[in-house]
Amino acid sequence: MTYQEPDQNGYYGQFGGAYIPEMLYPNVKELKENYEAMIADPKFKEEFDGLLKDYVGRPTPLYFAKKLSEKYGAKIYLKREDLNHTGAHKVNNTIGQILLAKRLNKKKIIAETGAGQHGVATATVCALMNLECIVYMGEIDIARQRPNVERMRLLGATVIPAKSGSKTLKDATNEAMRHWINNPTDTHYIIGSVVGPHPYPDMVAKFQSIISEEMKWQLQEKEGRENPDHVIACVGGGSNAAGAFYHYLDALDVNLVAVEAAGLGVESGESAATTALGTPGVLHGSKTILMQTNDGQVVEPYSISAGLDYPGIGPIHAHLFDSGRAQFKYVTDDEAMTAGVELSRLEGIIPAVESAHAFAALGKMDFKPDDVVVVNLSGRGDKDLETYIKWGNY
Ligand SMILES: *Cc1c(COP(=O)(O)O)cnc(C)c1O
């Protein structure tokens, strides 16, 4: 086994697998048996690459951030996933999965969403491919993310409120799973991160791996070498990080830095720092590390950024943590917001609050002057203007 590939049952070390109700066996089996061949099919690749180029706007630039580099004393590059259509990396995955769904002859798409970013990326590709789209979203999230709800509706999707539990992402995920169980043959479930039962984590990681695939030739052009010294990315479920790490996972001299949201502080009781606070268990279909009570109740996470506000992480990251292959850092709301304002002022780029967490890690690391550092700028900050305004320190 390598760090890249899970074993045939979808395990990365002790994490992964497919912990699902029996009703879902046929769906997951169908996906498992088909996805690798489909991804490898030259026709699929041609269509995927074509859409990424002309519809999404790839390759995204690798931008040398001169003033940020001067401030932190290293050569800092930004991988500009914020410039993708729909404003973040999530569309790389939804494009891949909608093509899969078409090949499997599915008529309907379901998805879960927290802040609405994955919902928008899913509604977008459903409009593009003329498939019916149903997005489950917690009732509380619907109230606090109105613009994304209206974007999804404008794109033709139906948004269904999840009214159980805490009425947020975890409950939306439960309801999407329930829908899938009841409509197994005509429906494909597009999961938005490297989470869920095997083969989702591997499939999503492979779709997102375009990020580090481009980084390799872009660094070769700019630095004369494919490998940076450090790659830094934020982790909610972990899809942007998995994509940015992917082609460096087995290059052990590349330092991989995963940044989690510490909310009001790791020990504050209001945090989403899963690896600092969590223990092994099963969440949304796979064995991973999650925040839970002693008797296995999922603990409500908290972060200022809706995209990082998740009580688990993908099994690939649980393994990177457990094995020591990646370094994990924890960034509070305040540290992230400060870093977001700093990037806005120094480079003229307003980052998503999720991505701002990755930038805050720069101040927690020691660099040598000619270290090459890539920060994955997972999304743009337009959606977070309200959050910046409320925070107010700029
Ligand atoms: C959703 C989101 C994230 C968190 O999701 P991952 O799967 O961890 O990448 C990070 N950044 C942005 C901009 C997002 O929209």
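Residues numbered from 1 in each chain as written. Predicted model: local features only at pLDDT ≥ 70, side-chain atom pairs only at ≥ 80, totals over all residues. Heavy atoms only, no water.

(A) Expanded view of the packing of helix H2 (residues 42-56) against helix H5 (residues 117-129). Put simply, H2 and H5 touch, their axes get as near as 14 Å, and they point 110° apart. What the angle tells us is that H2 and H5 run roughly perpendicular. Crossing geometry of H2 relative to H5 is assigned as right-handed. Facing Glu47, Leu51 and Tyr55 of H2, the residues of H5 in contact are Thr124, Leu128 and Met129. (Axes fitted to C-alpha atoms, helices over the stretch in contact; angles between N-to-C directions. Helix = DSSP H or I, 4+ residues; strand = E, 2+ residues; numbered from the N terminus. Parallel < 35°, antiparallel > 145°, perpendicular 65-115°, else oblique. Left-handed = near helix turned anticlockwise from the far one by under 90°. Contact = heavy atoms within 4.5 Å.)

(B) Expanded view of the sheet that holds strand S14 (residues 372-377). Strand order across the open sheet formed by 6 strands is S3-S4-S14-S9-S10-S13, with mixed pairing between neighbours. Each edge of the open sheet is held by one strand with a lone partner, namely strand S3 (62-64) and strand S13 (326-332). With direction set aside, neighbouring strand axes in the sheet form an average angle of 25°. Sheet strands in contact with helix H15 (residues 353-360) are strand S4 (75-80), strand S9 (230-234), strand S10 (255-263), S13 and S14, and its direction is about 145° off that of S9. (Pairing = 2+ DSSP bridges.)

(C) How the structure looks around the domain arrangement of the chain. What the domain assignment lists for the chain is domain 1 (12-51 + 90-204) and domain 2 (59-88 + 209-391). Distance between the C-alpha centres of domain 1 and domain 2: 23 Å. The interface of domain 1 with domain 2 comprises 33 residues on the first partner and 34 residues on the second. For the pair domain 1 and domain 2, the summed buried area comes to about 2,700 Å², and 63% of that belongs to carbon and sulfur atoms. With a closest N to O distance of 3.6 Å, Glu300 and Lys170 form a salt bridge. Summed over the shared surface of domain 1 and domain 2, the number is 9 residue pairs in polar contact (both at pLDDT 80 or more). If you list the elements that add at least two residues to the side of domain 1 that touches domain 2, you get strand S2 (15-16), helix H4 (90-103), H5, helix H8 (169-182) and helix H9 (200-208). Ranked by residue count, the leading element in the side of domain 1 that touches domain 2 is H8, at 5 residues. Taken together, the residues that form the side of domain 1 that touches domain 2 break down as 14 nonpolar, 15 polar and 4 charged. (Domains from an automatic or database assignment. Buried area = accessible area lost by both parts, 1.4 Å probe. Salt bridge = Lys/Arg side-chain N within 4 Å of Asp/Glu carboxyl O. Polar contact = N/O pair within 3.5 Å; in protein donor to acceptor, adjacent residues only side chain to side chain. Nonpolar A, V, L, I, M, F, W, Y, C, P; charged D, E, K, R; others polar.)

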